[in-house]
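# A closer look at the structure
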Amino acid sequence: MDKSSDRRVPLELLAPAGNLDTALAALSAGADAVYVGAPQFSARKARGVSIEDISEICRNAHIFGAKVYVALNTILFEKELKKSERLIHTLYAIGCDALIIQDFGLLSLDLPPIPLHASTQCHNCSIEQLQLLQELGFEQAVLARELSVEETADLAKGVPGLRLETFIHGALCVSYSGRCYMSQAVTGRSANRGECAQMCRMAYDLVDAKEKVIIKDSYLLSLKDLNRSRILPDLIKAGVTSFKIEGRMKSASYVRNITAYYRQLLDAFIDAHSDLYKRASLGAINYRFTPNPYKSFNRSFTEYQLSKGNMSEALIVPESPKSMGEEIGQVRKCEGACVFITTKQALHNGDGLCYITPEGKLFGLRVNRVLDAQRFMAAEKMNIPKGTLLWRNMDVAFEKALSQENATERTIKVTLHLEASKELLKLTMAIKDELSMQVTVAQHTTLDKAKREPDVQRIEETLTKLGGTPFTAVECQLELNGFFVPVSQLGELKRRAVAAMERSLRLRFKPRERNYMRPIQMEHLIKQPLTYAYNIANSASRLTYSYLSDKVPQEAYELTPVYEAALMTTKHCLRRHIGYCTQSSKKMPYEEPLYLRLNDRLFRLSFDCSDCVMRIYQA
């Protein structure tokens, strides 16, 4: 294929990293890009990564043509503007590929030409918002998790100049991102500033207007985790080009497993449609385990493809917000601490198990000792009812395999060609896939004519041993021309060739500069009121919005709490959950409004059935 006319779409697998080790695990497992938190102003405040570590991640990623995106996606207070501006210049200088932002105030600062991605905190779920981002020069937008495949496809048609990114795996926020103020209202910790208190993972009572208890002490806002592996092809065909795994708070083993799982799925799709799509980075991956998303932290899974009136799927696990893991079988009986089960899974000493009690609570236990394929000893006497389902949320053998340093290895295939002459040794290293690159290094020497047949095997073995480098030799050609080549001279020659190829790759994949902001067209001005939901918290943000709207902006909720503000807006509907969606024929027997009760605090529920959303207000 002619490289200059290659119109195939690159598909990007984007993995999270809360630190350097996790980023390296993601890259080795096949990530085309990783996203990390800036040292400050990240929506995961506890997972900011140092400048030194981000620089090291960039060095490792760019060898493979992988990218590094930095999340600076909180709203900023006035005193933070200059500090954020300096930080962005530093991130640009160390070679970051893009910045993920929420606060439009950054657009009015003196930024370097680093590409900008719009965080999902920007509420990217309408064609008007995406067209605005495209006009403002954003290159990629992270779509709202609530969008269906069909809605995504409709949006993609209207923004051909904007790359679309969507979440495919991991924890789900119950509220539309950027529209959750419950943590701020209750605890003073703002979700828009990376300090979310996770109010959605707490247990509530659901009561009606007469305080009749409908559901007691249940995790009614704790959504299952996202898993869109089944509909990955549909998302690609809908126009998504970047597929994001949530999890900057997760461990390196979690990120390695989930990245490897989706890498294999994406590669299979690309192989089947190689005339239309291609990988977004280089490197072949060697896996020493079988990726399995059920073996890593999960609260059970959902595709989160909601449609109006669809009541077929439970979106929450009301018994617990903790990891369930993989279902492994049923309990047959308990005799003291000995538990008899029916399972096809192999258990291991130290495995963590859990089950839901008859009272509807999640209970955890540990496998003290495996007796045989259907029996194990727990740490204490158990009384689990017959037929109870067991889940395994810690597979010690799987975790051990994931934690090995070589659990995943990523290398670029190269060929080697050694040419000898009387006064020169030349080694050429070449990448012969679509990249088609080569480097040549030479070493001045004095060679004698060989007195016997050369030890070709030893020379090839010396040259092709590339362990500890990003390369794997798949072919080695020798052009000795009758000279004797001492093996002792080859090590340094090979080291220089590796270094030269690494430099060439980093140069080839150095970050692009941003497309500058284009003049904003009148039809894309914001016409609705600039309410607290626009999260305007500084003078730079007010300046940006003054160009986008003629409305007077309201201050962010974090600056001025708004009476009767919707603290959450969510597609998850508790009226639907209890079986009384207005699209059904069932009449609700409870007096509205309904409330969530947390200790002595009440939250009023409002159901907007025209938009199929639920809103939560402070009562």
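Going by the annotation in an unreviewed UniProt entry, the name recorded for the protein chain is U32 family peptidase, with Porphyromonas miyakawae given as the source organism.

## Observations regarding the state of the cysteines
Evaluation of the coordinates by the stated rule reveals zero disulfides. Cys 58 takes part in no disulfide bond, and the closest cysteine sulfur to it belongs to Cys 96, at a distance of 4.1 Å. Lacking any disulfide linkage, Cys 354 is separated from the closest cysteine sulfur, that of Cys 334, by 15 Å.

## Here we look at the pattern of salt bridges
In the structure shown here, the tally under the stated rule is 33 salt bridges. Lys 210 is paired through a salt bridge with Glu 591; the nearest N and O atoms lie 3.4 Å apart. With Lys 210 in the loop between β8 (204-207) and β9 (213-218) and Glu 591 in the loop between α13 (574-577) and β26 (595-598), this residue pair connects regions lying 381 residues apart in the sequence. One network of salt bridges, in which partners are shared, links Lys 295, Glu 326, Asp 351, Arg 392 and Asp 395.

## Concerning the sheet that holds strand β17 (residues 352-356)
Sheet architecture is closed into a barrel: six strands sit in the order β15-β16-β19-β18-β17-β20, paired in antiparallel fashion. Direction aside, neighbouring strands of the sheet carry axes that sit 50° apart on average. As judged from the three bridges shared by strand β16 (residues 338-343) and strand β19 (residues 375-378), these two strands associate in the antiparallel manner. By the bridge assignment, Cys 338 is partnered in β19 with Met 377.

## A closer look at the packing of aromatic side chains
Applying the stated criterion to the full structure yields 14 aromatic pairs. Here the aromatic rings of Phe 289 and Phe 398 are separated by 6.0 Å at their centres, their planes lie at 85°, and the arrangement is edge-to-face. On the criterion of sequence distance, the pair formed by Phe 289 in the loop between β13 (284-287) and β14 (301-302) and Phe 398 in helix α9 (residues 396-403) is long-range, its members being 109 residues apart. This pair shows no difference in class: Phe 289 is buried, exactly as Phe 398 is. An angle of 85° between the planes, with centres 6.3 Å apart, marks the rings of Tyr 580 and Tyr 590 as edge-to-face. Of this pair, Tyr 580 sits in the loop between α13 and β26 while Tyr 590 sits in the loop between α13 and β26; the two residues are 10 residues apart in sequence, bridging distant segments of the chain. Pair check on accessibility: Tyr 580 and Tyr 590 agree, each one buried.

## Some details on the UniProt feature "domain: Peptidase U32 collagenase" (unreviewed entry) in the protein chain
The UniProt entry lists residues 390-504 under the feature "domain: Peptidase U32 collagenase" (unreviewed entry), expressed in the numbering used here. Strand forms 38% of residues 390-504 and helix 28%; the C-alpha atoms that close the span are 53 Å apart.

## Re helix α10 (residues 456-464)
Those residues of α10 that fall on the buried side of the exposure criterion are Ile 459, Thr 462 and Leu 463. Buried residues in α10, looked at end-on, bunch into an arc of 95°, giving them a common side. Packing partners of the buried residues in α10 comprise β21 (408-421), β22 (424-431), β24 (471-479) and α11 (490-508).

## Brief notes about the sheet that holds strand β28 (residues 613-618)
Strands sit in the order β9-β8-β26-β27-β28-β25 across an open sheet of six strands; the sheet is antiparallel. Because the sheet does not close on itself, it has two edges, and the strands there are β9 and β25 (566-570). Each neighbouring strand pair of the sheet contributes to a mean axis angle of 20°, computed without reference to strand direction. In this sheet, β28 lies alongside strand β27 (residues 601-608) in antiparallel orientation, the contact comprising six bridges.

## Points about the packing of helix α1 (residues 20-28) against helix α2 (residues 51-63)
At a minimum axis distance of 10 Å, the contact between α1 and α2 shows a crossing angle of 15°. By the angle class used here, α1 and α2 are roughly parallel. The crossing of α1 and α2 is right-handed. Residues Leu 20, Ala 23, Leu 24 and Leu 27 of α1 form the contact with α2, whose participating residues are Asp 53, Glu 56, Ile 57, Asn 60 and Ala 61. A breakdown of the residues in the contact of α1 with α2 according to their chemical character gives six nonpolar, one polar and two charged.

## Some remarks on unusual backbone geometry
Pro 593 follows Glu 592 through a cis peptide bond whose omega is 5°. With respect to the helices and strands, Pro 593 occurs in the loop between α13 and β26. A positive phi is found at Phe 41, a non-glycine position, where the angle reads about 65°. When you line up the elements, Phe 41 lands in the loop between β2 (33-37) and α2. The backbone of Glu 564 shows a phi angle near 65°, a positive value even though the residue is not glycine. Note on placement: Glu 564 falls in the loop between α12 (539-548) and β25.

## Some details on helix α3 (residues 81-93)
Under the 1.5 Å per step criterion, the end-to-end length of α3 is 19 Å for 13 residues, consistent within 8% with the ideal 18 Å. Within α3, the full set of buried residues consists of Leu 81, Ser 84, Glu 85, Leu 87, Ile 88 and Leu 91. End-on view of α3: buried residues confined to an arc of 165°, all on one side of the axis. α3 presents Lys 82, Arg 86 and Ala 93 as exposed residues on the side facing more than 90 degrees away from its buried surface. Here the buried face of α3 lies against α2, β3 (67-72), β4 (98-101) and α12.

## Details of the environment of Asn 515
Relative to the helices and strands, Asn 515 resides in the loop between α11 and α12. Taking the C-alpha atoms as reference, Asn 515 lies 30 Å from His 169; in sequence the two are 346 residues apart. In contact with Asn 515, other than residues within four places in its own chain, are Gly 137 and Glu 139.

## Details of the packing of α1 against helix α8 (residues 252-272)
Packing of α1 against α8 brings their axes to within 8 Å, and their N-to-C directions diverge by 20°. Relative to α8, the element α1 lies roughly parallel. Considering the relative orientation of α1 and α8, their crossing is right-handed. Contacts between α1 and α8 pair Asp 21, Thr 22, Ala 25, Ala 26 and Ser 28 from the former with Ala 252, Val 255, Arg 256 and Thr 259 from the latter. Its residues assigned to classes, the contact of α1 with α8 shows four nonpolar, three polar and two charged.

## A few points about the pairing of β21
Note: β13 against β21, four bridges, orientation antiparallel. Bridging from a neighbouring strand, Tyr 287 pairs with Thr 408 of β21. Relative to β24, β21 runs parallel, the two being bridged by eight bridges. Within the sheet, the bridge partner assigned to His 417 lies in β24 and is Gln 477. Summarising the sheet, β21 and β22 pair through seven bridges and their orientation is antiparallel. Directly across from Ala 420, in β22, lies its bridge partner Leu 425. Hairpin connection, β21 to β22: the antiparallel pair is bridged by two residues.

Scoring rules and cut-offs
Residues numbered from 1 in each chain as written. Predicted model: local features only at pLDDT ≥ 70, side-chain atom pairs only at ≥ 80, totals over all residues. Heavy atoms only, no water. Disulfide = S-S within 2.5 Å. Salt bridge = Lys/Arg side-chain N within 4 Å of Asp/Glu carboxyl O. Helix = DSSP H or I, 4+ residues; strand = E, 2+ residues; numbered from the N terminus. Pairing = 2+ DSSP bridges. Axes fitted to C-alpha atoms, helices over the stretch in contact; angles between N-to-C directions. Phe/Tyr/Trp six-rings, centres within 6.5 Å; stacked < 30°, edge-to-face > 60°. Buried < 20%, exposed > 50% of the residue type's maximum accessible area, 1.4 Å probe, protein only. UniProt positions renumbered as here; feature names shortened; annotations may be inferred. Arc of directions from axis to C-beta. Contact = heavy atoms within 4.5 Å. Parallel < 35°, antiparallel > 145°, perpendicular 65-115°, else oblique. Left-handed = near helix turned anticlockwise from the far one by under 90°. Nonpolar A, V, L, I, M, F, W, Y, C, P; charged D, E, K, R; others polar. Expected span 1.5 Å × (residues − 1).

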